[in-house]
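So the chains spell out like this:
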Amino acid sequence: MGKILRILGLGLLGLVLLLVLAVAVLLPGQIKASYPQIDGEIQVPGLQGEVEVIRDENGIPHIYASNEHDLFFAQGYVHAQDRFWQMDFQRHTSRGRLSELMGSNTVDIDQFLRTMGWERVARAELELMDEQSMAMLEAYSAGVNAYMADRSGTELSLEYLFLKILNSNYTPRPWEPLDTVSWAKAMAWDLRDNMDTEIERAILLKTLSEQQINELYPAYPEDMPVIVPDFELSEESISVQQLTPHGAEVSALMETLSSRVAALDALLDSDPNADLGSNSWVVSGELTASGMPLFANDPHLGQSAPSIWYQVGLHCEPVGPDCNYNAAGVSFVGAPGVVLGHNDRIAWGFTNVGPDVMDLYVVLVNPDNPFQYEMNGQWVDMQVVTEEIVVAGGETIEMPVRITQFGPIVSDTYGSLTDFDETSGLNLPENYAVALSWTALQPGTTLQSLFKLNRAQNFEEFREAAREFVVPSQNLLYADVDGNIGYQMPGYIPLRAAGDGRFPAPGWTDQFGWVGYIPFEHLPYDYNPASGYIVTANNAVVGAEYPYRIADVWDYGYRAQRIVDMIENAPGPIDVAYYQEMLGDNMNLGALPVADALVALDYGDARLNELRDLLAQWDGRNDKESAGAALFVPVWKHLLAQTFNDDLPEDAWPNAGGGSGWYTVMETLLAQPDSAWWDDRATADVVETRDDILARAFAAGVDEVEDKLGKDESQWAWGDLHTITFEHGVMSSFPLIDRLFNPGPYRLSGGNSIVNATGWGGSPDYDTSTIPSKRTLFDLSDWQNGLQIISLGQSGHVNHEHYADLAPLWADIEFIPLHWERDAIVAAAEGRLLLKP
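What counts as what
Residues numbered from 1 in each chain as written. Predicted model: local features only at pLDDT ≥ 70, side-chain atom pairs only at ≥ 80, totals over all residues. Heavy atoms only, no water. Helix = DSSP H or I, 4+ residues; strand = E, 2+ residues; numbered from the N terminus. Buried < 20%, exposed > 50% of the residue type's maximum accessible area, 1.4 Å probe, protein only. Contact = heavy atoms within 4.5 Å. Polar contact = N/O pair within 3.5 Å; in protein donor to acceptor, adjacent residues only side chain to side chain. Core = buried A, V, L, I, M, F, W, Y, C linked by side-chain atoms within 4.5 Å. Pairing = 2+ DSSP bridges. Salt bridge = Lys/Arg side-chain N within 4 Å of Asp/Glu carboxyl O. Axes fitted to C-alpha atoms, helices over the stretch in contact; angles between N-to-C directions. Parallel < 35°, antiparallel > 145°, perpendicular 65-115°, else oblique. pLDDT = per-residue confidence, 0-100. Disulfide = S-S within 2.5 Å. Expected span 1.5 Å × (residues − 1).

S.K.: An account of the environment of Y35 is requested, with residue identities and associated values reported.
M.R.: Its location among the elements puts Y35 in the loop between helix 2 (13–31) and strand 1 (40–43). The partly exposed category is assigned to Y35, whose relative accessible area is 22%. Put simply, Y35 and S157 are 122 residues apart on the chain and 8.2 Å apart in space, counted from C-alpha to C-alpha. Among all residues touching Y35, those that are not within four sequence positions of it are H797, V798, N799 and H800. Reaching out from Y35, the side chain makes a polar contact with the backbone oxygen of N799 at a distance of 3.2 Å. Within the structure, Y35 has its side chain in polar contact with the backbone nitrogen of H800 (distance 3.1 Å).

So this is what it looks like as structure tokens:
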């Protein structure tokens, strides 16, 4: 969750300070009121039998039950014990009901979410659930509600004490399966990719040619790895008509659209400028010391407090027809099962594909009837849904949502179209609007797919489960105890009647609409490749010969290439220790060509040349104590600004802490010393070349690092610039109290486009915004050798011993055991709780 500070504003400051004074007296007793019982026995109505919850030395619960109802009931109970506030806040967000919790400050966000209809889609998805999946959701909900039954306020979580400032009468309602299903839509939004690119491209059409835009979005490099290099289909390539980009009116629409998207991103900690992605790779036993596969996964997501992940073991005891489940890994609070992990036979992990699954359509609205739009020369009726937004402390707002055949009109909730003459300087007709087609707005079965992945026993069952994994499309990685490794890309990937989705399409005709999805049988997969390894790091899934269009912009492959290099150049048979080193690798491959260009110059200044020599000694690693990294990163930031800011609108300025594409763009430009991109438009009498801009950027970077770290370069360290303070979704907004809820700062290594992907987005101070949210390593020769770390701790209760106890370990790329064997769990136990019916 993102900080609400931007939403709440500063008007509450006086009231907050008064509360701080009162809480100073009450706090010691209030803090521990929500701490869970972890020993002894508890009578819990709703159970069918006894359930044992053993918490290991890191607070990770391992749940043992004799039937599946009780297993998932207990998981809901334990999630609520440790993280109920997080669950409650998440469900209000994803269902577009944040104003019921936070009041009028969040109405705009609720209006947008209700327009997209996440809750409407989630209701439809519940109808698609099979009996077993629905039983899991209902048992889980019953467990959450059993914990809530006799608790309120700070007995649930300390945050409810402070919520009284915004909503004095709030009482959490019972949990229901809809709360679980709707959260999947928020995760799909967080992992979206191409809509932001589509908006930006449309805005750039105002000032750049299509060729210039293509230079800023280059094709995936031919020398970078693809996930399935030899995937072939017998079908002929699809012929797709290319869409001619539209004019300045669309650009103006997109500017307003972009500003509204940013508001939701702030809430969800979704940073489109950050290097959001993930790593996952597996090597076969042919390459390992044990003779069995080794498996790694580290999803890169926005930082938050508490962590997005909750570690758990779920064990049927015994495993049999009535209880056929046995898995461990990480879960989402608010949902049953394991999202990423292993069962007794297979391991699985995800990285984001980043396909083009969001299209914007410019529709022509009937000026005499706002509920009609033009389609193929005729006015047709829109579907209209009335949404009611309940506002705490205010009146209920009725909001009509207009839905076209492409999807909802989102420009209604992104801002008025009537003031574009003022906001864009363009004469935009008032009867234009923007509709969104997005695969996540089609009812699907992704959550059910996850439940089936948890139970899969072989690659065939894994692929059958993946068939139902529709949104967001992920690279699914696989390994099993028989020594097999595999991969499957699933998901709804649209087939367009015409156009390629790069720019907004005409919505007054159906010729640019979607006509279906790539058949699952034609989606890329791999099984026991001859190379002996599979690497996924958001890089291209397939090569240019693949007959369907998945995406035109991928991560540009620096992380994938580095992982491949480490596998192929391992000093010997690969073991667990080497995998740990790989997960913490800080090599910045994208920086190397830039650093080479910088050190080739004579700066005509003794101090600058001295620091040039320092950069020449840098090994390209963004290690925590690296002086070279501390110098390079500010120089890189200034190089992008000096090169592109004069040519691009401010909203499109390059982000040095963002995506890998800027490294690819810059490497191409470095070979073109007289490119027009190098010329500074602000100097009318001078035409700058590459070396002029490199020199400027180097001097500016030196000034910045000396200002921040001093003039003694022997004391420079990247970790002194690059830190993280984890931010609580709501409590970060409260002065003084925020320090209690926000762990940090911690010094970090890594950066964007690096395996250790601690991205800093657009932060001027290099503060980390996206992180390896967890790091996992599985040894298929022995599950008990599994290692894992999440970013903070198991508990969501501030000041609890497990609230942030893992953060220092995570920051130093250290791990804890992910126990599997019962004897090991019992030996490490800090608490044993028996839940009885």
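Back to the write-up after that little detour.
S.K.: So what's going on with the nonpolar core? Residues and values would help.
M.R.: Of all hydrophobic cores here, the largest spans 239 residues; its most connected members are W438 and F632. One finds V363, Y373, I409 and A433 within the second-largest nonpolar core, a separate group that totals 13 residues.

S.K.: Quick rundown of the pairing of strand 29 (residues 831–836)? Include the residues and the values.
M.R.: Of the two faces of strand 29, only one is covered, namely that formed by G831, L833 and L835; the face formed by R832, L834 and K836 stays uncovered. Where strand 1 meets strand 29, four bridges bridge the pair, whose relative direction is parallel. Note that in strand 29 the partner of I42 across the bridge is L835. Relative to strand 29, strand 2 (residues 51–55) is paired through five bridges, and the arrangement is antiparallel. Paired with I54 across the bridge in strand 29 is R832.

S.K.: Pulling in residues and values, what's your account of the pattern of salt bridges?
M.R.: Counted under the stated rule, the structure contains 53 salt bridges. Here R95 ties to D179 by a salt bridge, and the two come within 2.6 Å at their closest N and O atoms. Residue R95 is found in the loop between helix 3 (68–94) and helix 4 (98–102), and its partner D179 is found in helix 9 (residues 177–190); the two are separated by 84 residues along the sequence. In this structure, R95 and D179 share a single accessibility class: buried. When the shortest N-O distance is used, the salt bridge between E100 and R97 registers 2.9 Å. Summarising the burial analysis for this pair, E100 and R97 share the class buried. Through salt bridges with shared partners, one network takes in D88, R91, R95, R97, E100, E119, R123, R173, E176 and D179.

S.K.: I'd like a description of the packing of helix 19 (residues 591–599) against helix 21 (residues 627–644), backed by residues and values.
M.R.: Direction vectors running N to C along helix 19 and helix 21 enclose 85 degrees, while the axes themselves pass 11 Å from each other. Relative to helix 21, the element helix 19 lies roughly perpendicular. In this structure, helix 19 contributes A591, V594, A595 and L598 to the contact, and helix 21 contributes F632, V635, W636 and L639.

S.K.: Break down the environment of M587 for me, citing the residues and quoting the values.
M.R.: As for its placement among the helices and strands, M587 is situated in the loop between helix 18 (576–583) and helix 19. In this structure M587 comes out as buried when scored by relative accessible area, which is 10%. Beyond its immediate stretch of four places on either side in the chain, M587 contacts R562, D619, G620, R621 and I754.

S.K.: Can you lay out the confidence of the model for the protein chain for me, pointing to particular residues and giving the numbers?
M.R.: Parts of the model with low pLDDT should not have their predicted coordinates read in detail. Here the protein chain averages 90 in pLDDT, while 89% of its residues score no lower than 70. Contacts of residues 256–265 to residues separated by more than four positions or lying in other chains number 34 contacts, the stretch itself having pLDDT below 50.

S.K.: Explain the environment of P306 to me, using residue names and the numbers behind them.
M.R.: With respect to the helices and strands, P306 occurs in the loop between strand 5 (294–302) and strand 6 (309–316). Those residues in contact with P306 that lie beyond four places of it in its chain are R83, Q86, H728, L792, S795 and G796.

S.K.: Before we move on, can you summarise unusual backbone geometry with the specific residues and values?
M.R.: A cis geometry characterises the amide bond from A305 onward to P306, with omega recorded as -5 degrees. The residue after G744, namely P745, is reached through a cis peptide bond having omega 5 degrees. By the element assignment, P745 lies in the loop between helix 25 (738–741) and strand 24 (746–747). Backbone geometry places S753, a non-glycine residue, at a positive phi of 60 degrees. Summarising the element assignment, S753 is placed in the loop between strand 24 and strand 25 (770–772). Judged by relative accessible area, S753 falls into the buried class, the value being 2%.

S.K.: Describe the state of the cysteines, with residues and values.
M.R.: By definition, a disulfide is the covalent link that joins the sulfur atoms of two cysteine residues. Scanning the entire structure with this criterion turns up one disulfide. Disulfide pairing is shown between C316 and C323; the S-S distance is 2.0 Å. Disulfide C316-C323: torsion about the S-S bond near -80 degrees, hence left-handed. Note on accessibility: C316 and C323 belong to one class, buried.

S.K.: So what's going on with the pairing of strand 17 (residues 485–488)? Residues and values would help.
M.R.: Alternating positions in strand 17 separate into two faces, I485 and Y487 on one and G486 and Q488 on the other, with burial throughout. Where strand 16 (residues 474–480) and strand 17 come together, four bridges link them in antiparallel fashion. For Y478, the partnering residue across the bridge sits in strand 17 and is G486. Connecting strand 16 to the next strand, strand 17, in antiparallel fashion are four residues, including G483 with a positive phi near 95 degrees. Sheet topology places strand 17 next to strand 21 (residues 525–527); three bridges connect them, and they run antiparallel. Note that in strand 21 the partner of Q488 across the bridge is Y525.

S.K.: Quick rundown of the side chain of S411? Include the residues and the values.
M.R.: Topologically, S411 is positioned in helix 13 (residues 411–414). In this structure the side chain of S411 is engaged in a polar contact, spanning 2.9 Å, whose partner is the backbone nitrogen of V434.

S.K.: Describe helix 20 (residues 606–616), and please don't skip the residues or the numbers.
M.R.: Buried within helix 20 we find L608, N609, L611, R612, L614 and L615. Between the side-chain oxygen of the N-cap and the backbone nitrogen of R607 there are 3.0 Å, and the N-cap of helix 20 in question is D605.

S.K.: Account for the sheet that holds strand 2, with residues named and values stated.
M.R.: Read from one edge of the open sheet, eleven strands run 1-29-2-3-6-7-8-9-16-17-21, paired in mixed fashion. Both edges of this open sheet fall to strand 1 and strand 21, since each of them pairs with a single strand only. If you compare each strand with its neighbour and ignore which way they point, the axes differ by 20 degrees on average. Where strand 3 (residues 61–65) meets strand 6, four bridges bridge the pair, whose relative direction is parallel. Across the sheet, A65 pairs through a bridge with C316, a residue of strand 6. On top of the sheet, helix 3 reaches strand 1, strand 2, strand 3, strand 6, strand 7 (326–332) and strand 29; it is set at about 155 degrees to strand 6, its chief contact.

S.K.: Please provide a residue-by-residue account of helix 7 (residues 131–148), values included.
M.R.: With 18 residues, helix 7 ought to run about 26 Å at 1.5 Å a step, and its terminal C-alpha atoms sit 26 Å apart, in line with that. Those residues of helix 7 that sit buried are S133, M134, M136, L137, A139, Y140, S141, G143, V144, A146, Y147 and M148. Where helix 7 is buried, its residues meet helix 3, helix 6 (118–128), helix 9 and helix 15 (446–455).

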